[in-house]
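Results of the structural survey
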Amino acid sequence: MDNAFFGQPKGLEFLAGTEFWERFSYYGMRAILLYYMVATAAKGGLGLSQTTGLSVMAIYGSLVYLASVTGGFISDRILGSRRTVFFGGILIMFGHIALSIPIGLWGLFGSIALITTGTGLLKPNISDMVGKLYSSEDQRRESAFTIFTFAINLGAFIAPLICGWTATKFDYHVGFSLAAFGMFIGLLFYYFGGNKTLGKDGLVPTDPIKANEVKKITFNVIAGIIVFAVIIVGMYFAKILTLDNFVSLLSLIAVITPIVYFFIIIRSKKITKIERSRVLAYIPLFIGALVFWAIEESGSSILASFALTQTNNNLGWLHIDPSWYQSLNPLFIMLYTPLFVLLWTKLGKRQPSTPKKFAYGLFFAGLSFLLMVIPLSMFGVGTKISPLWLVGSWAIIEIGEMLISPIGLSVTTKLAPKAFGAQMVSMWFLADAAGQAVNSQIARFYTPGTETAYFGIIGLVAIVASIILLFFVKPVVKLMDGVK
């Protein structure tokens, strides 16, 4: 047994290291992107409205995860995970380079196209590669994903501090260039380290396309492109092709895609009866994750805007750059990770089932938003509040993330049918995509004067969802058919 990396296979070191640098690049960009979009041209920004900026920010994140469907398909059926991840990293790097060049909206749109495609190729497949380092009986699997998640969050923690400070000290484009450099380092780490430790794993697709399938797949891809183009042209001639309406169209696609995908997998003749039962068990978990990510991912949009406009960032000797709050998310995850590892280890077989963990995670997500209602009710929406309220909100929701994110990623690989390995991991990221798509629409209700109602209503919705999920725990566990 390979125990070279803290009791884990050596390959985990390089996969986790690659994700560290990929997340550094992504979260470094994300920490300053909203501020870049809404800042005036005189301050080096694009001059978009706050409402449009919030929606674009959310749909950007949604598209990043929506593209994971394509990445899973390309890995499983065409390239294999090793090459798919590498090509994805290259596209991500060029996406950050597009933002580092002062070419206005063209740079923004170019980065969206490149980074969404690249991340779609990289994220589901590198996670699938982690899962394949272990047999289904290996008890180290869940700990491995916890280590993997820790590496992700270490990169995400450092990135806003460095890229945010650089953007403030110099300009936004210099901050984006650091994100590009981070992905370049990640590519070197992956290529040279992977070749030494991963052997032949992931070099070939697990379910290669057969000759008689090429025509059908080509037809479906071309048909999809034509339908999308017709819709865009129709919106143009109807004079409704605005940036906000385009975001709404993408949001609709992000919500419909997982529904279609579940239908395809469940109806597939490539899966067994037991595998089909496990996919059905995954649906309630998916819905719970969607609600959770709709709240958690608003940290880069709603809470980022709150940090800029409604938080007192001047504390005498300390001036807090608004982008630095983005480091709170990964900071708390790193603080909580060893505690949860010890907790699950101590509880062993007595720990709550996966559905229960999801329900508890949703509860904490709702509680984090309800906390924000308190200062807004006490001091009014026109008063800048202490940054400790934001710190508290992030501290609470990250408890929820520890109950959902690493657990969800692990159980996804366990419940995945053999023929849909990487594609099922894509489904996990589609929950994030759909959640952010929902967020891109409800974020439009976050306007001056509505903040109290916004946090209160969404917080209550999450808590109600957690209670509903608790009632489905037993049937979900039964459908999981032995998967713990």
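Note that the structure is predicted; figures quoted are calculated from it, not measured.

A few points about the overall build of the protein
Across its full length, the protein carries 17 helices and 2 strands. The globule rule puts the C-alpha radius of gyration for 484 residues at 23 Å, and the 22 Å found for the protein is close to it. With the C-alpha coordinates of the protein rotated into their principal frame, the extents come out at 60 × 55 × 45 Å. Sequence-distant contacts, at least 24 apart, represent 82% of the contacts inside the protein between residues at least 6 apart. Here the protein has roughly 20,900 Å² of accessible surface; of this, 72% comes from carbon and sulfur atoms. The protein carries 36 positive and 23 negative side-chain charges, and their two centres are separated by 7 Å.

Considering the nonpolar core
Across soluble globular proteins, nonpolar side chains show a tendency to be buried alongside one another. Core analysis: the largest hydrophobic core is formed by 129 residues, its most contacted members being M29, L33, M37, Y282, M427, W428 and F455. In terms of residue count, helix α1 (residues 10-38) provides more of this core than any other element does, 13 residues in total. If sequence neighbours within four positions are ignored, M427 has contacts with P258, Y261, F262, I265, Y282 and F286.

Here we look at the packing of helix α2 (residues 50-66) against helix α9 (residues 243-267)
To characterise two packed helices, one gives the angle between the axes of the helices and the distance between these axes. For the pair α2 and α9, interaxial distance at closest approach is 10 Å and the crossing angle is 35°. In the crossing of α2 with α9, the sense of the turn from one axis to the other is left-handed. Between α2 and α9, the residues in contact are T52, S55, V56, I59, S62, L63 and L66 and L243, D244, V247, L250, S251, I253, A254 and T257, respectively. The residue inventory of the contact of α2 with α9, partitioned by class, reads 9 nonpolar, 5 polar and 1 charged.

Observations regarding the environment of L46
Relative to the helices and strands, L46 resides in the loop between α1 and α2. Considered as a pair, L46 and I399 are 353 residues apart in the sequence and their alpha carbons are 35 Å apart. Not counting chain neighbours up to four residues away, the residues in contact with L46 comprise Y36, M37, A39, G104, L105 and L108.

Let's talk about the packing of α2 against helix α5 (residues 105-131)
Where α2 meets α5, the closest approach of the two axes is 7 Å, and the angle between their N-to-C directions is 40°. As far as their axial angle goes, α5 and α2 are oblique. The element α2 and its partner α5 pack so that their crossing is right-handed. Counted together, Y60, L63, V64 and Y65 of α2 and S111, I112, I115, T116, T119, G120 and K123 of α5 form the full contact between these two elements.

Section: the pattern of salt bridges
Scanning the model with the defined rule gives 4 salt bridges in all. Between E22 and R23 there is a salt bridge, with its nearest N and O atoms 2.7 Å apart. Judged on exposure class, the residue E22 and its partner R23 are both buried. Across the salt bridge formed by E213 and R77, the nearest N and O atoms sit 2.6 Å from each other. Highlighted residues: E213 in the loop between α7 (172-197) and α8 (214-237) and R77 in helix α3 (residues 68-79), separated in sequence by 136 residues.

Examining the side chain of N329
Note that N329 resides in helix α12 (residues 328-347). Here the side chain of N329 touches E296 through a polar contact of 2.2 Å, side chain to side chain.

What to know about empty space enclosed by the protein
Taken as a whole and assessed by the stated rule, the structure comprises 4 cavities of 30 Å³ or more. Counted as a void, the largest cavity has a volume near 380 Å³. Forming the boundary of the largest cavity are 29 residues, of which Y27, Y65, W293, E401 and S405 lie nearest the centre. Elements with a contribution of two residues or more to the lining of the largest cavity: α1, α5, α6 (141-169), α10 (273-296), α12, α14 (387-415) and α15 (421-442). Within the lining of the largest cavity, the residues separate by chemical class into 13 nonpolar, 8 polar and 8 charged.

Thoughts on the packing of aromatic side chains
Scanning all chains against the criterion turns up 26 aromatic pairs. Consider the rings of F20 and W21, whose centres lie 5.0 Å apart with planes at 90°: the pair is edge-to-face. Here the aromatic rings of Y236 and F237 are separated by 5.4 Å at their centres, their planes lie at 80°, and the arrangement is edge-to-face. One aromatic cluster in this structure is built from F306, F369, Y446, Y454 and F455.

Here's the deal with the environment of A39
Turning to its location among the elements, A39 is positioned in the loop between α1 and α2. Expressed as a C-alpha distance, the spacing of A39 and L347, which sit 308 residues apart in the sequence, is 49 Å. Excluding residues within four positions of it along the chain, A39 makes contact with G45, L46, G47 and Y172.

As for α14
Spanning 29 residues, α14 covers 41 Å between terminal C-alpha atoms, matching the ideal 42 Å at 1.5 Å per step. A maximum bend of about 35° is found in α14 at E401. Within α14, 24 of the 29 residues are buried, which leaves the element mostly enclosed by the surrounding structure.

What about unusual backbone geometry?
Here K239, not a glycine, exhibits a phi torsion of approximately 60°, which is positive. Summarising the element assignment, K239 is placed in the loop between α8 and α9.

Topic: the layout of surface pockets
Approximately 2,200 Å³ is the volume attributed to the largest pocket. Forming the boundary of the largest pocket are 47 residues, of which V69, T70, V221, T257 and Y261 lie nearest the centre. Of all the elements in the fold, those that place two or more residues in the lining of the largest pocket are α2, α3, α5, α8 and α9. The leading source of residues in the lining of the largest pocket is α9, at 12 residues. Here the residues of the lining of the largest pocket are counted per class, giving 31 nonpolar, 10 polar and 6 charged.

Focus: α8
Compared with the 34 Å implied by 1.5 Å per residue over 24 residues, the 35 Å span of α8 between its first and last C-alpha is a close match. Once α8 finishes, K239 follows within two positions and takes phi at roughly 60°, a positive value.

What counts as what
- Residues numbered from 1 in each chain as written.
- Predicted model: local features only at pLDDT ≥ 70, side-chain atom pairs only at ≥ 80, totals over all residues.
- Heavy atoms only, no water.
- Helix = DSSP H or I, 4+ residues; strand = E, 2+ residues; numbered from the N terminus.
- Rg over C-alpha atoms; globule rule 2.2 N^0.38 Å.
- Contact = heavy atoms within 4.5 Å.
- Areas by Shrake-Rupley, 256 points an atom, 1.4 Å probe, with all protein chains shown as cover.
- Lys, Arg positive; Asp, Glu negative; His and termini not counted.
- Charge placed at Lys NZ, Arg CZ, Asp CG, Glu CD.
- Core = buried A, V, L, I, M, F, W, Y, C linked by side-chain atoms within 4.5 Å.
- Buried < 20%, exposed > 50% of the residue type's maximum accessible area, 1.4 Å probe, protein only.
- Axes fitted to C-alpha atoms, helices over the stretch in contact; angles between N-to-C directions.
- Left-handed = near helix turned anticlockwise from the far one by under 90°.
- Nonpolar A, V, L, I, M, F, W, Y, C, P; charged D, E, K, R; others polar.
- Parallel < 35°, antiparallel > 145°, perpendicular 65-115°, else oblique.
- Salt bridge = Lys/Arg side-chain N within 4 Å of Asp/Glu carboxyl O.
- Polar contact = N/O pair within 3.5 Å; in protein donor to acceptor, adjacent residues only side chain to side chain.
- 1 Å grid on protein atoms, 1.4 Å probe; cavity = no way out; pocket = protein on both sides within 12 Å on 5 of 7 lines; lining within 4 Å.
- Points joined across faces, edges and corners; volume = space filled by probe spheres on them.
- Phe/Tyr/Trp six-rings, centres within 6.5 Å; stacked < 30°, edge-to-face > 60°.
- Expected span 1.5 Å × (residues − 1).
- Bend = angle between axes of the 7 residues up to and from the residue.

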